[in-house]
Amino acid sequence: MDNLFIKGKDERPQVNFNAETGVLELSRSSYPEYTKDLYQPVMDWLDKFLGEGGKKVEFNFKMDYFNTSTSQRFQKIIKKLEDYHQKKEGDVTINWYYEKTDIDMFENGEDYSKDVQVTFNLIAYEMED
């Protein structure tokens, strides 16, 4: 299976999904007006990748900003990962990175973590100058 890489720009996130290692990462910002078209290739790739059970998956959210429409897409991704963990015996870990002083991003991750039955880590980092 091919990897999926979409370079982030403007209001679009960077997507870096590695099929060999199972490390899947969304980063930067996501605030396009229409998220369905933007996230459809991500969802299609995930469906194909998660088609085979028992894989180890590490999903890293490294966002600095996202809008409400993107939040709905994140919920769908997280639900898809949870289903994979529960129904196909996947070893799933979700890492939610947030800048140490960004309370909103921390609280967003905390909200997502409450609704999911997989390992969900909240990981603070310090902004580099």
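Details of the structure are given in the entry above.
An account of the accompanying structure is given in this report. Because the structure is predicted, anything quoted here is derived from the model rather than measured.

1. Section: the overall build of the protein
Within the protein one finds three helices and six strands. Starting at the N terminus and ending at the C terminus, the protein contains elements arranged as β-β-β-α-β-α-β-α-β. In terms of overall dimensions, the protein has a C-alpha envelope of 40 × 30 × 25 Å along the principal axes. Within the protein, the fraction of its 129 residues that count as buried is 43%. A separation threshold of at least 6 residues defines the contact pool for the protein, and within that pool the share at least 24 residues apart is 66%. Counting only carbon and sulfur atoms, one obtains 43% of the accessible surface of the protein, whose full area is about 7600 Å². One finds the centroid of the 17 positive side-chain charges in the protein at a distance of 6 Å from the centroid of its 26 negative side-chain charges.

2. Digging into the nonpolar core
In this structure, Phe 17, Leu 26, Leu 46, Phe 59 and Ile 77 are the most contacted members of the largest nonpolar core, which totals 33 residues. The set of elements that each furnish at least two residues to this core consists of β2 (14-17), β3 (23-30), α1 (35-49), β4 (56-66), α2 (68-87), β5 (91-99) and α3 (103-114). Excluding residues within four positions of it along the chain, Leu 26 makes contact with Gln 14, Val 15, Phe 17, Tyr 39, Phe 59, Asn 60, Phe 61, Lys 62, Met 63, Phe 74 and Ile 77.

3. Quick notes on the sheet that holds β2
Overall, mixed pairing links the six strands, which are arranged β1-β2-β3-β4-β5-β6 in an open sheet. Each edge of the open sheet carries a strand with a single partner, namely β1 (4-6) and β6 (119-125). Pairwise comparison of adjacent strand axes, ignoring direction, gives a mean angle of 15° for this sheet. Examined bridge by bridge, β3 and β4 share eight bridges and lie parallel to one another. Each bridged residue has a counterpart across the sheet, and for Leu 24 the counterpart in β4 is Phe 59. Set on the sheet, α1 makes contact with β1, β2, β3 and β4; between it and β3 the angle comes to about 170°. Relative to β5, α3 is tilted by about 160°, and along the sheet it contacts β4, β5 and β6.

4. A closer look at unusual backbone geometry
The phi torsion of most residues other than glycine is negative, and most of the peptide bonds are trans. Here Asp 10, not a glycine, exhibits a phi torsion of approximately 45°, which is positive. Position of Asp 10 relative to the elements: it lies in the loop between β1 and β2. Phi is positive for Glu 89, which is not a glycine, with a value near 55°. Position of Glu 89 relative to the elements: it lies in the loop between α2 and β5. When its relative accessible area of 67% is taken as the criterion, Glu 89 is described as exposed.

About the criteria used
Residues numbered from 1 in each chain as written. Predicted model: local features only at pLDDT ≥ 70, side-chain atom pairs only at ≥ 80, totals over all residues. Heavy atoms only, no water. Helix = DSSP H or I, 4+ residues; strand = E, 2+ residues; numbered from the N terminus. Buried < 20%, exposed > 50% of the residue type's maximum accessible area, 1.4 Å probe, protein only. Contact = heavy atoms within 4.5 Å. Areas by Shrake-Rupley, 256 points an atom, 1.4 Å probe, with all protein chains shown as cover. Lys, Arg positive; Asp, Glu negative; His and termini not counted. Charge placed at Lys NZ, Arg CZ, Asp CG, Glu CD. Core = buried A, V, L, I, M, F, W, Y, C linked by side-chain atoms within 4.5 Å. Pairing = 2+ DSSP bridges. Axes fitted to C-alpha atoms, helices over the stretch in contact; angles between N-to-C directions.

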